[in-house]
Amino acid sequence: RIFAGLSASLVFIRCSSSGDPARGSVNLAYPSTAAAVASENVTIMVFDAPTDGTANKFCTTLVQQAKSDQQLPPRVVESPPTNVCDFQNGTGDITVDFGDKAILAVARRLGKPFLVGCALQNIGDGDAPVTVSLGLVNTATSVPATDCQLVSDYCVAKTCKGAL
């Protein structure tokens with residue numbers, strides 16, 4: 001079950017003669033509100049996905065490399081680390097060319113990968129959101145408790161505390 005969803009906008013560059021950008025978004029699906037507010041920041045990385053039928057394996061490999069904090073292959077683009085509240089508010093446009101892409105999201109806590117997820121998407125005309133489901137890097141890691149019911153309680157209303 002997905003408890004918390006955050007989104008940020010992306011600008012996709014159109015490959016047509018008009019050159020007008022098409023807007024899209026990345027939605028992050030956190031395993032819980034507590035996991036979202038415990039994350040210090042999130043980075044979105046976009047890679048050219050293989051078109052030879054190995055794209056799913058490519059995404060799995062990216063997740064494994066990110067979980068172990070290994071060097072990742074060259075990226076098409078990478079967002080700066082963005083805190084969860086800024087991400088929820090849509091801060092941080094990035095520009096991505098059309099085509100088959102692997103979108104990797106890494107949320108960090110205490111300076112280390114905490115949550116990781118990857119999604120494949122053919123970026124084209126339109127504004128279909130890309131959803132990246134995040135999972136714990138280590139299932140033995142405990143997620144700090146929070147009294148927040150929603151991420152917006154933490155980011156907007158300020159009616160709760162983050163990680164307790």
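Structure shown above.
Described in the following lines is the structure provided in the data block.

### Thoughts on the state of the cysteines
Consideration 1: According to the stated counting rule, one finds three disulfides in the structure shown.
Consideration 2: Linked covalently through their sulfurs, Cys59 and Cys118 form a disulfide whose S-S length is 1.8 Å. Residues Cys59 and Cys118 are joined by a disulfide whose S-S torsion is about -85°; by sign, that bridge is left-handed. Here the residue Cys59 occupies a position in helix 2 (residues 55-67), and Cys118 occupies one in strand 7 (residues 112-123), the gap between them amounting to 59 residues.
Consideration 3: A relative accessible area of 7% means that Cys59 is categorised as buried.

### Description of the environment of Ala49
Consideration 1: Tracing the backbone through its elements, the reader meets Ala49 in the loop between strand 3 (41-48) and helix 2.
Consideration 2: Since its relative accessible area comes to 10%, Ala49 is described here as buried.
Consideration 3: Setting aside its immediate chain neighbours within four residues, Ala49 contacts Ala55, Phe58, Asp100, Lys101, Ala102 and Leu120.

### Things to note about the nonpolar core
Consideration 1: Core analysis: the biggest nonpolar cluster contains 28 residues, and Leu28, Tyr30, Ile44, Ile103 and Val132 have the highest contact counts within it.
Consideration 2: Elements represented by at least two residues in this core include exactly strand 2 (22-30), helix 1 (33-38), strand 3, helix 3 (84-88), strand 6 (99-109), strand 7, strand 8 (130-133) and helix 4 (151-157).
Consideration 3: Here the element with the most residues in this core is strand 7; it accounts for four residues.
Consideration 4: Excluding residues within four positions of it along the chain, Ile44 makes contact with Val26, Leu28, Val77, Glu78, Ser79, Phe87, Ile94, Ile103, Leu104 and Ala105.

### Remarks on the sheet that holds strand 4 (residues 77-78)
Consideration 1: Across the sheet, five strands lie side by side as 4-3-6-7-9; this open sheet has antiparallel pairing. In this open sheet, the two strands that pair with only one neighbour each are strand 4 and strand 9 (135-136).
Consideration 2: Across eight bridges, strand 3 lies against strand 6 in antiparallel orientation. If you follow Val42 over to strand 6, its bridge partner there is Ala107.
Consideration 3: Those strands touched by helix 2 are strand 3, strand 6, strand 7 and strand 9, and its axis lies near 160° from that of strand 7.

About the cut-offs
Sequence order as written defines residue numbering, which begins from 1 separately in each chain. At least 70 in pLDDT is required for a residue's local features to be given in this predicted model, at least 80 for side-chain atom pairs to be given and counted, and no such filter applies to totals for whole chains, interfaces and linings, which use all residues. Based on all heavy atoms of the structure, the side-chain values leave hydrogens and waters out of the count. Two cysteine sulfur atoms form a disulfide, by the criterion used here, when they sit within 2.5 Å. To qualify as a helix, a DSSP run of H or I must reach at least 4 residues; to qualify as a strand, a run of E must reach at least 2; elements of each kind are numbered from the N terminus. Residue burial is assigned from relative accessible area. The probe radius is 1.4 Å, only protein chains are included, and a residue is buried under 20% of its type maximum, exposed over 50%, and partly exposed in between. By definition, residues are in contact when any of their heavy atoms lie within 4.5 Å. As used here, the term nonpolar core means buried Ala, Val, Leu, Ile, Met, Phe, Trp, Tyr and Cys residues forming a set that is joined through side-chain atoms within 4.5 Å. For two strands to pair, DSSP has to find at least two bridges joining them. Axis definition: a line fitted to C-alpha atoms, limited for helices to the stretch in contact. Angles are taken between N-to-C directions and run from 0 to 180 degrees.

Remember that the coordinates give geometry; whether it matters functionally is a separate question.
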